[in-house]
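Close look at the chain arrangement
One letter stands for each residue in the lines below.
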Amino acid sequence: ANVRSWIVELMQGGLSNRSINRKLSSLKSFFKFCMRQRFISGNPASDINVLKTNSRLPSFAQEKQLLDLDTKEMFSEDFSGMRDKAIIFCIYGLGIRRAELIGMQIKSYDKSRSVIRIKGKGNKEREVPVVPFLKDILETYLKYYESEFGYTNDSPMFILDSGLLIYPKFVYNVVSKYLSLVSTLKKRGPHTLRHSFATHLSNKGADINALKSLLGHSSLAATQVYTHNTIEKLRAVYKQAHPRSKED
C-alpha cells in the first residue's frame, strides 16, 4: 500500500510514467537486495506493474541530409577530416553502436571480402558488409592514417590527432558537429545515425530478420521499432492511390 501511495504521489507531482517506472525498477532491485541479505522475507513491490508509456519513435536523419554530408565537401582534406568522415559513415553505413566503433581494429576490416567484423554486446561477433561508397571512404582514411602514424593489424581503427584511442564523448561531438550542418534534429548523436541506417533500410523494404542481424539485436522486438516508418510510407501511398482515401 505504501508503494502504491508513493507512485500516486509521484504522478500527482507531474513526473512522467517513464521516470516513475525507472524509480519503481530501482525500488524493486533494492528489495531484492534486502531479500538476499535476509533483511526481509518478501518483495513488497514485486506485484506492482509498471505504468503504460508511449513508445518513442527513433530520431533519424533524412537520406538527402546524409547525402549532402558526403557530396558537399564538408570535411577537410587531412587526417582529421578523413577520420571524422569515416567515423560518421561507418556508423551510418554499418549501423553500429558507438562502443562497437571505438572497439574496431585495423584487422576488423577484411578488404578482400569487403566486410567488417563487429564485436557487439556480450562479445558477440557479426560481420557487416562494406558497400562501395564506404569502402572508398575507409581506403582514403587509412592512407592518411598510415602516412601520419603508421599502423599494425592490432592498431585501433580510429584514433585522435594525438594518436590515442578515440573515446565516447569525442565520437558524439564529431557526429553532432556535422549533423548540425545538414539537419535541425534535436538529437544528433551516434545513435541517430544508427537509427537512420535501420530506418532507411526498412523503408527500402529490407527483411526485418536481416536487419536484426545487421544491427546485432538479440531480440526481434528491438528491431520492430523501425517498421513504423514503413507503415507511414504505406499509409501515404494508400492516401494517394485508394479511391476512398479522400473521404472525411
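Okay, so let's go over this structure. (Residues numbered from 1 in each chain as written. Predicted model: local features only at pLDDT ≥ 70, side-chain atom pairs only at ≥ 80, totals over all residues. Heavy atoms only, no water.)

**A closer look at the packing of helix 3 (residues 63–71) against helix 4 (residues 79–94)**
Applied cut-off: For every element, the axis is a line fit to its C-alpha atoms; helices are fit only across the contacting stretch, and the angle between N-to-C directions ranges from 0 to 180 degrees. Elements are defined by DSSP. Helices are runs of H or I of four residues or more, strands are runs of E of two residues or more, and each kind is numbered from the N terminus. Just so you know how the angles are binned, under 35 degrees is roughly parallel, over 145 roughly antiparallel, 65 to 115 roughly perpendicular, and the rest oblique. Handedness of a crossing follows from how the near helix is turned relative to the far one, being left-handed for an anticlockwise turn of less than a right angle and right-handed for a clockwise one. Residues are treated as being in contact if the distance between any of their heavy atoms lies within 4.5 Å. Classification convention: Asp, Glu, Lys, Arg as charged; Ala, Val, Leu, Ile, Met, Phe, Trp, Tyr, Cys, Pro as nonpolar; all other residues, Gly among them, as polar.
Interhelical geometry of helix 3 versus helix 4 gives an angle of 150 degrees and a closest axis separation of 11 Å. One finds that helix 3 runs roughly antiparallel with respect to helix 4. You can see that helix 3 and helix 4 cross each other, and the crossing is left-handed. Contacts between helix 3 and helix 4 involve Leu66, Leu69 and Asp70 from the former and Lys85, Ile88, Phe89 and Tyr92 from the latter. The residue inventory of the contact of helix 3 with helix 4, partitioned by class, reads five nonpolar, no polar and two charged.

**Describing a negative patch on the surface**
How we decide: Like-charged residues within 9 Å of one another, or nonpolar side chains (Val, Leu, Ile, Met, Phe, Trp, Tyr) within 5 Å, are grouped into patches, provided each residue has over 30% relative accessible area and no salt bridge. To be clear on the numbers: accessible area is Shrake-Rupley with a 1.4 Å probe, and residue cover counts the displayed protein chains and nothing else. Salt bridge, as applied in this entry: a Lys or Arg side-chain nitrogen positioned within 4 Å of an Asp or Glu carboxyl oxygen. When charges are counted, Lys and Arg contribute as positive and Asp and Glu as negative, whereas His and the chain ends are disregarded. Lysine's charge is taken at NZ, arginine's at CZ, aspartate's at CG and glutamate's at CD.
Side chains of Glu73, Glu77, Asp78 and Glu148 sit close together on the surface and give a patch of like negative charge. Checked against the element boundaries, glutamate 73 lands in the loop between helix 3 and helix 4.

**Side note on helix 3**
What counts here: Only protein chains enter the accessibility calculation, which uses a 1.4 Å probe. A residue is then buried if its area is under 20% of the maximum for its type, exposed if over 50%, and partly exposed in between. Here the arc refers to the directions that run from the helix axis out to each C-beta atom.
Regarding helix 3, the residues found buried are Gln65, Leu66, Asp68 and Leu69. One face of helix 3 carries all of its buried residues, which in axial projection span an arc of 150 degrees. Backbone geometry just after helix 3 places glutamate 73 at a positive phi near 50 degrees.

**Concerning the packing of helix 1 (residues 2–12) against helix 2 (residues 17–36)**
Across the interface, helix 1 lies against helix 2 with an axial gap of 11 Å and an inter-helix angle of 155 degrees. The angle between the axes of helix 1 and helix 2 places the two elements in the roughly antiparallel class. Where helix 1 crosses over helix 2, the two elements pack in a sense that is right-handed. Contacts between helix 1 and helix 2 pair Val3, Trp6, Ile7, Leu10 and Met11 from the former with Ile20, Lys23, Leu24 and Leu27 from the latter. Among the residues making up the contact of helix 1 with helix 2, the classes are represented as eight nonpolar, no polar and one charged.

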